[in-house]
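# Structure assessment
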Amino acid sequence: MARPRTHDEALRLKLLDRAGELLAADGPKALSLRKLAADAGTSTTAVYSLFGSKPDLVNALYTEGFRRFGARMAGTPLTGDPVEDLVALGSAYRTSALADPHLYGIMFTKSVPGFEPNEDAEKLARETLKPLERIIRRAIADGVFLDVPPETVAVGCWAIVHGLVSLELTGNLPDEFDITGAYEAALRANASGWLRPQTSGTVPS
């Protein structure tokens, strides 16, 4: 009799989380299917039946990371104020990274040399940034943000959140550093920097 699908899904997620932990702790050489099966209390046959091969497992890790990340981004409450909304999405980015640090490397740092996500995984990764792109495009179209290519703003926003989060995850920030407060302040300053200067309607006397 076939295993229940709920059992398969629970085991799949357990294996992915453990695979991410092995990869984050000891690098790609630690990602042995035999060791992964033993750590998860299952058989290598079960691993192969769920993922197929080691490259397929890495692709599944990448996909699961962006699935969780995308859910947090899409679920972020937005206000319609582009500065506040960019700060909120940046906070969701950090929340996702801290919740799943073992998946962050495979998502953003090419921690497995030679790995290239398949077409479906790449499409999913691109979709996770749609909320960011919509906010920026609308703010530019409405004359709230500077009239610059939307990609310039998007990459700038991504760079600052990725840089700060990466420093935090790798323990490269000073111990006395107020990470949460400084993170939000930096995001707000970056987002505010894209605002179009407002001209006054009054003429100085």
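Residues numbered from 1 in each chain as written. Predicted model: local features only at pLDDT ≥ 70, side-chain atom pairs only at ≥ 80, totals over all residues. Heavy atoms only, no water.

## Observations concerning the UniProt feature "domain: HTH tetR-type" (unreviewed entry) in the chain
Inclusion rule: UniProt positions are given in the numbering used here, feature names are shortened, and annotations may be inferred rather than shown by experiment. Secondary structure elements follow DSSP: runs of H or I no shorter than four residues count as helices, runs of E no shorter than two count as strands, and numbering proceeds from the N terminus.
Taken from the UniProt record, the annotation "domain: HTH tetR-type" (unreviewed entry) applies to residues 9-69. Along residues 9-69, the helical share is 80% and the strand share 0%, with 19 Å between the first and last C-alpha atoms.

## Focus: the domain arrangement of the chain
The cut-off we apply is this: Marked domain ranges trace back to an automatic or database domain assignment. Whether two residues are in contact is decided by their heavy atoms: any pair within 4.5 Å suffices. Each of two parts loses accessible area, computed with a 1.4 Å probe, when they are put together; buried area is these two losses added. What counts as a salt bridge is simple: a side-chain nitrogen of Lys or Arg found within 4 Å of a carboxyl oxygen of Asp or Glu. For the purposes of these results, a polar contact is taken to be a pair of N or O atoms within 3.5 Å, where, inside protein, one atom must be able to donate a hydrogen and its partner to accept one; residues adjacent in sequence count only when each atom of the pair is a side-chain atom.
If you check the domain split of the chain, you get domain 1 (7-51) and domain 2 (60-192). Computed over C-alpha atoms, the centres of domain 1 and domain 2 are 27 Å apart. At the interface, eleven residues of domain 1 touch nine residues of domain 2. Buried area between domain 1 and domain 2, both sides added, is near 830 Å², and the carbon and sulfur share of it is 70%. Per-residue buried area on domain 1 facing domain 2 is highest for Leu 16, Asp 17 and Leu 23; these three make up 48% of the total on that side. Across the domain 1-domain 2 interface, the total number found is two salt bridges. In this assembly, domain 1 and domain 2 are joined by two residue pairs in polar contact (both at pLDDT 80 or more).

## Description of helix H10 (residues 179-192)
Selection criterion: One fewer than the residue count of a helix, multiplied by 1.5 Å, yields its expected span.
Taking 1.5 Å per residue as the helical rise, H10 with its 14 residues ought to reach 20 Å, and the 20 Å between its terminal C-alpha atoms agrees with that figure. Of the surrounding elements, those touching the buried residues of H10 are helix H5 (82-99) and helix H9 (150-169).

## What about the UniProt feature "DNA-binding region" (unreviewed entry) in the chain?
UniProt records the feature "DNA-binding region" (unreviewed entry) at residues 32-51, using the numbering of this structure. Taken end to end, residues 32-51 has its terminal C-alpha atoms 13 Å apart, with 75% of it in helix and 0% in strand.

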